[in-house]
Amino acid sequence: MRSTLVFLLFMLLSLAGMATHNRAGEITYEHVGGYTYRVRITTYTKQSALADRSSLKLRWGDEGPYVTEADLDSLFRTDQVYNVGIDVKRNEYVGLHTYSGPGTFVISVEDPNRNAGVLNINNGDPGTPEAEKTSTSVMAIFAIRTVLVIRPGNGGHNNSIKFLNPPIQDACIYQPWIHNPVAFDSLEGDQLVFSLVSCLGLNAEPLDTWESPTEYTDDPTDLFTINAENGDISWETPLVAGEYNVAFEVREYRNGIFVGSVQRDMQITVVTCANIPPEIVDLPDYCIGAGELLQFQLSYSDPNGSNFQVQVDALGGPMSDVEHVAFYDDVSRYFTWNPQCEEVRLEPYFVSFLATDQGNIPLTDVETVRIQVVAPAVENPEATAVGGQMNLSWDLTPCYSAFDPGELDDVHYLIYRRNGLFGFEPESCELGVPAYTGYSFIGESHGAANNTFVDTSVFYGGIYCYMVVTKWPDGSISYASEEFCDTVNKEVPVLTKVSIGFTDITNGVDTVHWSKPSDLDTTLFPGPYQYKLYYSNEGNNVDSLIFTSESFTILADGDTTFLHENLNTVELEHRYKVEIVSSSVEIDAHSSIASSMLLQLAPGDNQMTLNMGASVPWTNYAYRIFRKGPGEIDFIEVDTAYTVLYTDTGLINNLPYCYKVLAVGTYNAGDVPDPLFNWSQEICAQPYDQTPPCPPIFSIEDDCIAAINTLTWQNAAGCADDIEGYSIYYAPTPADPMELWQTVYGAENLSALFDGNLENSPTSIAGCYAIAAFDSLNLWPDGNYYRNESARSNMICIDNCPEYRLPNIFSPNGDNLNDLFEPFPYRYVDKISLRIFNRWGEEVFQTEDPSIQWDGKHKESGKLCSDGVYYYSIRVDFIRLKGIESSSYSGYTRIIASDSSAPNN
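Computed from a predicted structure; not experimentally measured.

Peer 1: Any details on the overall build of the protein? Residues and values, ideally.
Peer 2: Secondary structure assignment for the protein yields 3 helices and 61 strands. Computed over C-alpha atoms, the radius of gyration of the protein comes to 39 Å, more than 25% over the 29 Å expected from 2.2 N^0.38 for 905 residues, which places it beyond the range of a compact globule. Across its three principal axes, the protein shows a C-alpha extent of roughly 125 × 75 × 55 Å. Counting over 905 residues, the protein shows a buried share of 48%. As presented, the protein carries roughly 42,500 Å² of accessible surface, and 50% of it is formed by carbon and sulfur atoms.

Peer 1: Explain the state of the cysteines to me, and be specific about the residues and the numbers.
Peer 2: With the rule as written, the count across this model stands at 7 disulfides. Linked covalently through their sulfurs, C465 and C485 form a disulfide whose S-S length is 2.0 Å. Judged by the sign of its S-S torsion, about 110°, the cystine formed by C465 and C485 is right-handed. Of this pair, C465 sits in strand 31 (residues 463-471) while C485 sits in strand 32 (residues 484-487); the two residues are 20 residues apart in sequence, bridging distant segments of the chain. Taking relative accessible area as the criterion, C465 reaches 0% and is therefore assigned buried. Covalent S-S linkage joins C768 and C797, the inter-sulfur distance amounting to 2.1 Å. Looking along the S-S bond of the C768-C797 disulfide, the torsion reads about 105°, which is the right-handed sense. Of this pair, C768 sits in strand 53 (residues 767-775) while C797 sits in strand 56 (residues 796-798); the two residues are 29 residues apart in sequence, bridging distant segments of the chain.

Peer 1: So what's going on with the packing of aromatic side chains? Residues and values would help.
Peer 2: Tallied over the entire structure, the rule returns 43 aromatic pairs. Ring pairs connect the aromatic residues W514, Y529, Y531, F547, F552 and F562, which therefore count as one cluster. Taking NZ or CZ as reference, R251 lies 4.0 Å from the ring centre of F258, over its face. R792 extends its terminal NZ or CZ atom over the ring of Y729, reaching a point 4.0 Å from the ring centre.

Peer 1: Residue-level account of the sheet that holds strand 29 (residues 440-446), with values.
Peer 2: Taken in spatial order, the 4 strands line up as 29-28-31-32 in an open sheet, and their pairing is antiparallel. What marks the edges here is a single partner per strand, and that holds for strand 29 and strand 32. Adjacent strand axes in the sheet meet at a mean angle of 30° when their direction is disregarded. As judged from the 8 bridges shared by strand 28 (residues 412-419) and strand 31, these two strands associate in the antiparallel manner. Following the sheet pairing, Y416 is matched in strand 31 by M467.

Peer 1: With reference to specific residues and values, describe the nonpolar core.
Peer 2: Within the largest apolar cluster, 49 residues are counted, with the highest numbers of intra-cluster contacts made by Y328, F335, F353, L392 and Y466. Ranked by residues supplied to this core, first place goes to strand 24 (residues 349-356) with 4 residues. With sequence-adjacent residues up to four places away left out, L392 is seen in contact with E382, A383, I415, N451, T452, F453, Y466 and F484.

Peer 1: Tell me about the side chain of Q372, and name the residues and values.
Peer 2: Assignment of secondary structure puts Q372 in strand 25 (residues 364-374). The exposure class assigned to Q372 is buried, which follows from its relative accessible area of 8%. A distance of 3.1 Å separates the side chain of Q372 from the backbone oxygen of R345, its partner in a polar contact.

Peer 1: Kindly report on the environment of R370, identifying the contributing residues and their values.
Peer 2: Topologically, R370 is positioned in strand 25. For the pair R370 and Y286, spaced 84 residues apart in sequence, the C-alpha to C-alpha distance is 6.2 Å. Polar side-chain contacts of R370 include one of 3.0 Å to the side chain of E229.

Peer 1: Give me the lowdown on unusual backbone geometry, citing residues and values where you can.
Peer 2: P528 follows G527 through a cis peptide bond whose omega is 5°. By the element assignment, P528 lies in the loop between strand 34 (508-515) and strand 35 (529-536). The omega angle of the peptide bond from D674 to P675 is 5°, so this bond is cis rather than trans. Tracing the chain through its elements places P675 in the loop between strand 45 (657-666) and strand 46 (676-679). With a phi close to 60°, N203 is a non-glycine residue in the positive phi region. Considering the arrangement of structural elements, one finds N203 in the loop between strand 12 (191-197) and helix 2 (213-217). The backbone of N566 shows a phi angle near 60°, a positive value even though the residue is not glycine. In this structure N566 comes out as exposed when scored by relative accessible area, which is 58%.

Peer 1: Give me the pattern of salt bridges: which residues, what numbers.
Peer 2: Going through the model one piece at a time under the given rule, you end up with 28 salt bridges. For the salt bridge of K162 with D321, the shortest nitrogen-to-oxygen distance reads 3.2 Å. Residue K162 is found in strand 8 (residues 162-163), and its partner D321 is found in the loop between helix 3 (317-320) and strand 22 (327-329); the two are separated by 159 residues along the sequence. With relative accessibility at 34%, the residue K162 sits in the partly exposed group. Close ionic contact of R880 with D799 constitutes a salt bridge, the shortest N to O distance being 2.9 Å. Residue R880 is found in strand 60 (residues 868-880), and its partner D799 is found in the loop between strand 56 and strand 57 (809-810); the two are separated by 81 residues along the sequence.

Peer 1: If you had to explain the environment of V542 to someone new, which residues and values would you point to?
Peer 2: By the element assignment, V542 lies in the loop between strand 35 and strand 36 (544-548). As for V542 and A791, which are separated by 249 residues in sequence, their C-alpha atoms are 43 Å apart. Those residues in contact with V542 that sit more than four places away from it in its chain are Y534, Y535, S536, R575, Y576, K577 and I593.

Peer 1: So what about the sheet that holds strand 22? Which residues, and what values?
Peer 2: Taken together, 3 strands build an open sheet; the order of strands is 19-23-22 and the sheet is antiparallel. Lying at the two open borders of the sheet, with one neighbouring strand each, are strand 19 (294-297) and strand 22. Neighbour to neighbour, the strand axes of the sheet diverge by 15° on average, direction disregarded. Sheet analysis places strand 22 next to strand 23 (residues 334-337), joined by 3 bridges and oriented antiparallel. In the sheet register, D329 faces strand 23, and the bridge partner there is Y334.

Peer 1: Residue-level account of the pairing of strand 24, with values.
Peer 2: A large share of strand 24 lies buried, amounting to 7 of its 8 residues. When strand 21 (residues 311-316) meets strand 24, the two strands line up antiparallel, connected through 6 bridges. Bridging across to strand 24, G316 finds its partner in V351.

Peer 1: How would you summarise the pairing of strand 41 (residues 607-611) if you had to cite specific residues and measurements?
Peer 2: Going residue by residue along strand 41, you find M608 and L610 tucked away on one face and Q607, T609 and N611 left uncovered on the opposite face. Linking strand 40 (residues 600-604) back to strand 41 in an antiparallel pair, the connection comprises 2 residues, with N606 at a positive phi of about 60°. Relative to strand 44 (residues 645-649), strand 41 is paired through 5 bridges, and the arrangement is antiparallel. By the bridge assignment, Q607 is partnered in strand 44 with T649.

Peer 1: Explain the side chain of N788 to me, using residue names and the numbers behind them.
Peer 2: Of note, N788 is situated in the loop between strand 55 (785-786) and strand 56. Among the residues examined, N788 registers a relative accessible area of 6% and is labelled buried. Among the polar contacts made by the side chain of N788, one reaches the main-chain carbonyl oxygen of D689 at a distance of 3.1 Å.

Peer 1: An account of the confidence of the model for the protein is needed here, citing residue identities and associated values.
Peer 2: When pLDDT is averaged along the protein, the result is 89; 94% of the residues meet or exceed 70. Counting interchain partners and residues more than four positions distant, the pLDDT-below-50 stretch residues 1-18 has 5 contacts.

Peer 1: Explain the environment of S591 to me, using residue names and the numbers behind them.
Peer 2: Inspection of the secondary structure assignment puts S591 in the loop between strand 38 (575-582) and strand 39 (594-595). C-alpha of S591 to C-alpha of K577: the two residues are 14 residues apart in sequence and 5.6 Å apart in space.

So, how was this worked out
Residues numbered from 1 in each chain as written. Predicted model: local features only at pLDDT ≥ 70, side-chain atom pairs only at ≥ 80, totals over all residues. Heavy atoms only, no water. Helix = DSSP H or I, 4+ residues; strand = E, 2+ residues; numbered from the N terminus. Rg over C-alpha atoms; globule rule 2.2 N^0.38 Å. Buried < 20%, exposed > 50% of the residue type's maximum accessible area, 1.4 Å probe, protein only. Areas by Shrake-Rupley, 256 points an atom, 1.4 Å probe, with all protein chains shown as cover. Disulfide = S-S within 2.5 Å. Phe/Tyr/Trp six-rings, centres within 6.5 Å; stacked < 30°, edge-to-face > 60°. Lys NZ or Arg CZ within 6 Å of the ring centre and 35° of its normal. Pairing = 2+ DSSP bridges. Axes fitted to C-alpha atoms, helices over the stretch in contact; angles between N-to-C directions. Core = buried A, V, L, I, M, F, W, Y, C linked by side-chain atoms within 4.5 Å. Contact = heavy atoms within 4.5 Å. Polar contact = N/O pair within 3.5 Å; in protein donor to acceptor, adjacent residues only side chain to side chain. Salt bridge = Lys/Arg side-chain N within 4 Å of Asp/Glu carboxyl O. pLDDT = per-residue confidence, 0-100.

And the structure:
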């Protein structure tokens with residue numbers, strides 16, 4: 001029997017040796033049509049290894065949970081290239097697959113095993129010195145995976161990124177190392193986000209024997225990072241020579257929505273050498289308009305002197321995967337690109353310059369440049385005032401011919417407006433219309449061929465200026481057009497007053513005035529004339545006729561005032577418009593809508609906030625505030641505000657205060673009264689305390705081993721002075737809702753203890769904590785008393801530090817010394833699953849109790865097991881911040897001084 005076991009072990013080790021060949025790789029895909037995709041597996045293997053795969057098993061991601069490896073599809077090798085590095089061969093495997101419909105599919109490959117000697121795949125624990133770690137990569141499964149997302153609809157398909165720089169790289173010990181994979185999405189131009197991830201193993205899950213290069217050396221100066229935007233991977237100071245494997249993920253987002261990802265596993269070989277990498281002078285980011293020429297010179301140096309020749313390669317989408325490609329001349333060191341409309345897109349392009357010397361171990365410096373290609377502005381914009389509207393037009397976008405016919409309807413022209421010219425001259429890469437210009441978005445024209453817009457919300461007297469921006473189907477925007485303006489003539493009646501004369505819920509009065517249309521062409525539109533006044537107190541339409549004037553033939557004549565009675569001026573806003581009509585011809589000449597000011601009050605703690613907004617065609621520039629306080633008979637003017645919001649302070653809570661406001665406005669034009677005066681209604685309210693305290697400034701000091709969290713906080717300076725206590729909230733994990741854990745009374749009490757050892761406390765200190773302050777009870781207008789509680793502070797999450805170790809020997813001989821097989825003192829364990837076997841593979845004990853308490857007796861016979869070695873497999877469920885985290889491992893223990901006659905080993 002022992003001979004058989006030794007033979008099998010020898011065979012397994014032999015097979016493992018023959019299968020140790022995988023260095024790096026990734027999976028990419030492209031959409032063929034319908035739900036069919038072409039998938040490409042690219043691996044980099046040890047060329048000298050005996051193992052060589054003519055095919056690889058692949059999971060498409062739609063097989064279901066019960067498909068065995070034998071049932072998986074095989075992708076056959078379509079290409080192999082030798083000597084792409086020292087002892088490195090590149091392999092490609094291609095296959096087609098049709099999915100049944102939309103979904104998210106994890107495509108993965110597993111292949112035993114990785115090449116031997118990878119330092120950061122080892123048997124060490126975090127913190128173990130590297131000298132005590134032994135590489136176990138020879139026994140580690142090599143796995144890679146990619147996520148394919150198919151969304152419903154015609155736009156739901158995606159093509160993965162592709163890499164233009166191989167994943168086999170060299171580095172020199174003690175010299176900085178930088179690499180860029182040059183990931184590019186040539187078809188959709190999606191946003192790419194880079195992040196470092198764990199290398200993968202069995203079941204394409206994170207490899208538990210892998211650690212980052214920084215963790216391997218456990219040196220704070222040995223930094224290994226990735227730039228999330230451009231993909232630059234930097235290793236500050238490689239400290240130990242040898243091979244390392246790292247992995248990173250590139251996630252694609254389209255309009256903020258995740259559409260797929262590719263994970264690449266790469267290998268870096270650190271060697272001892274005297275070489276120093278070249279140095280490229282930093283380059284700025286660039287913004288270039290379609291049709292413009294971008295040209296800049298690269299500057300670099302070689303610290304090794306003239307003994308080494310530096311070769312520069314430029315890699316990136318603009319160099320190969322666009323219609324109008326860029327080029328780099330290594331002699332003149334000039335990069336040149338003349339992108340056209342076909343290269344315009346929302347996401348920037350990246351070009352990586354790789355300066356590589358010719359030392360015995362060639363070293364590279366990488367400088368990655370961000371280039372944004374911008375659509376040009378539309379040309380020849382024009383604004384023409386006609387009656388009470390502004391007609392806008394402009395030339396079609398200069399990029400009109402670059403769009404596919406199916407894209408033309410998805411092109412929009414965005415319209416921005418302000419009163420008066422700003423003088424905007426955009427800086428480089430200053431796209432669209434910045435807010436600081438004072439322009440506001442007012443609408444858009446849909447379709448690339450729709451180059452007109454009618455602005456009907458213009459008023460007499462204003463100089464209206466506009467800019468137009470083109471928005472592309474992918475969301476990218478152009479430079480803004482030049483500013484273009486015109487003035488609205490007085491060809492319609494102009495409302496000048498909507499003022500509340502009396503406040504009452506049924507007998508309220510509005511006073512309405514308007515000014516005559518002095519610029520109306522009386523030749524085209526002869527009289528006699530009449531004014532018609534329309535009214536509404538709800539909805540958007542103002543169409544209820546409430547007044548028709550007497551007929552008049554001269555514009556200077558005609559009644560221009562109206563007193564509107566029997567209104568609810570307490571609760572309702574009243575809206576008006578006036579038009580002039582002719583009994584001779586049809587005239588479309590009506591004013592803009594103007595509304596009465598419905599003053600609103602928001603009571604606060606010893607204060608009152610007034611909202612004086614009103615929808616009027618003129619500009620209100622001042623608000624004279626009148627107040628009648630408790631016990632006062634008349635209104636007194638107390639202040640003047642220059643914005644629609646005003647806070648009156650120093651009031652006494654729970655006493656009535658009444659207000660009315662006189663708005664002062666202007667059209668900034670002649671032939672109308674100036675200034676304009678309009679009253680609000682009268683309104684009263686009582687201030688009361690509904691202002692919560694500020695959130696406390698919160699911190700935690702945790703003692704994980706002692707299972708104690710000390711919570712402390714401070715009150716923000718200058719906040720509420722009536723704090724009465726604090727509410728402490730707790731959630732076991734970040735995903736759980738926070739619930740009240742403890743209430744602390746007294747503003748001076750600024751700490752609390754979360755003790756995981758107490759019976760009424762959670763069994764761990766892991767969890768998320770936040771705190772809120774509350775004030776004293778306050779009387780509100782409904783006659784009840786309430787507390788105001790602040791928003792919660794910052795949430796702080798604390799994790800456990802679980803520990804569970806088993807002895808490798810015990811002596812169940814009844815002397816009360818080491819009689820039980822039990823763990824050393826452990827912490828933060830939920831449960832276990834333990835099975836113990838004798839050397840013949842027979843299970844002699846099993847339990848789920850973390851304390852174990854095995855007395856060495858056989859679970860069936862109840863007799864003591866004989867002296868010897870017993871093997872166990874165990875799964876431990878640790879209590880962690882993210883929930884239960886399981887760890888499985890195996891080991892052995894030895895029984896000594898038991899009943900040696902028991903034949904159970």
